[in-house]
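Structural characterization, general
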Amino acid sequence: MVALETIMGMHPGELVTSLSSLSTQNTTLSDILDSRLSYPRHKRIANDIALIMSLVLKCLHSNPQFRPSM
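Here we summarise the structure given alongside this text. Keep in mind the model is a prediction, meaning the values are calculated, not measured. Each chain carries its own residue numbering, running from 1 in the direction its sequence is written. The model is predicted, so local features are restricted to residues of pLDDT at least 70 and side-chain atom pairs to those at 80 or more, both for listing and for counting; the totals for chains, interfaces and linings are taken over all residues. Water and hydrogen atoms were dropped before computing side-chain values, which therefore reflect all heavy atoms in the structure.

Observations regarding the overall build of the protein
Broken down by element type, the protein carries 4 helices and 0 strands. Helix numbers and strand numbers start at the N terminus; a helix is a DSSP run of H or I with at least 4 residues, a strand a run of E with at least 2. Across the protein, helices and strands are ordered from the amino to the carboxyl terminus as α-α-α-α. The long-range share in the protein, meaning contacts at least 24 apart out of those at least 6 apart in sequence, stands at 44%. Note on areas: Shrake-Rupley with a 1.4 Å probe; residue coverage comes only from the protein chains shown. Carbon and sulfur atoms make up 57% of the accessible area of the protein, which totals about 5,500 Å². Any two residues whose heavy atoms approach within 4.5 Å at even a single point are treated as in contact.

Structure (structure tokens):
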């Protein structure tokens with residue numbers, strides 16, 4: 001949740017349920033990033049943020065068997 005709040009720039013609140021379904025949709029990084037921040041200029045940074053978001057979405061999966069293990 002902390003990673004999600006940091007990336008989005010706000011508490012996700014009701015968005016948590018809808019965000020868990022984003023993994024199957026075509027969502028761009030700019031759709032998720034805090035709009036107050038500039039888009040990452042380096043591809044590596046954008047890829048790192050995308051990797052973190054992928055992990056966040058897996059952690060939010062409604063089925064615990066599909067969540068990453070500790």
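Considerations on helix α4 (residues 43-59)
Take the number of residues in a helix, subtract one, and multiply by 1.5 Å to get its expected span. Its 17 residues place the ends of α4 24 Å apart at the C-alpha level, agreeing with the 24 Å of an ideal helix rising 1.5 Å per residue. Burial classification: accessible surface area is computed with a 1.4 Å probe over protein chains only, and a residue below 20% of its type maximum counts as buried, one above 50% as exposed, and the rest as partly exposed. Among all positions of α4, only Ala46, Ile49, Met53, Val56 and Leu57 are buried. Mapping the buried residues of α4 onto a view down its axis gives an arc of 95°, with all of them on the same face. In this structure, α4 carries Arg44 and Leu51 as exposed residues pointing more than 90 degrees from its buried face. What the arc covers is the set of directions going from the helix axis to the C-beta atoms.

What to know about the environment of methionine 53
With respect to the helices and strands, the residue methionine 53 is situated in helix α4. Residues methionine 53 and leucine 4, spaced 49 residues apart in sequence, show a C-alpha to C-alpha distance of 7.3 Å. If we ignore the near neighbours within four places in the chain, the residues touching methionine 53 are Leu4, Ile7 and Ile32.

Some words on the nonpolar core
One broad rule of soluble globular proteins: the nonpolar side chains tend to lie buried together. Grouping buried Ala, Val, Leu, Ile, Met, Phe, Trp, Tyr and Cys residues that are joined through side-chain atoms within 4.5 Å yields what is termed a nonpolar core. With 11 residues, the main nonpolar core is built from Leu4, Ile7, Met8, Leu29, Ile32, Leu33, Ala46, Ile49, Met53, Val56 and Leu60. With 4 residues, the top contributor of residues to this core is α4. If we ignore the near neighbours within four places in the chain, the residues touching isoleucine 7 are Ile32, Leu33, Asp34, Ile49, Ile52 and Met53.

Section: the side chain of aspartate 34
Here aspartate 34 lies in the loop between α3 (29-32) and α4. Of note is the side chain of aspartate 34, whose polar atom sits 2.8 Å from the side chain of arginine 36. Those residues in contact with aspartate 34, other than ones at most four positions away along the chain, are Ile7, Met8 and Gly9. The term polar contact refers here to a pair of N or O atoms within 3.5 Å; inside protein, the definition further demands a hydrogen-donor-capable atom paired with an acceptor-capable atom, and it admits residues adjacent in sequence only when both atoms are side-chain atoms.

Topic: the environment of proline 68
In this structure, proline 68 sits in the segment after α4. Along the backbone, proline 68 and lysine 58 are 10 residues apart, and their C-alpha atoms lie at a distance of 6.7 Å. Beyond its immediate sequence surroundings of up to four residues, proline 68 is in contact with Leu55, Lys58 and Cys59.

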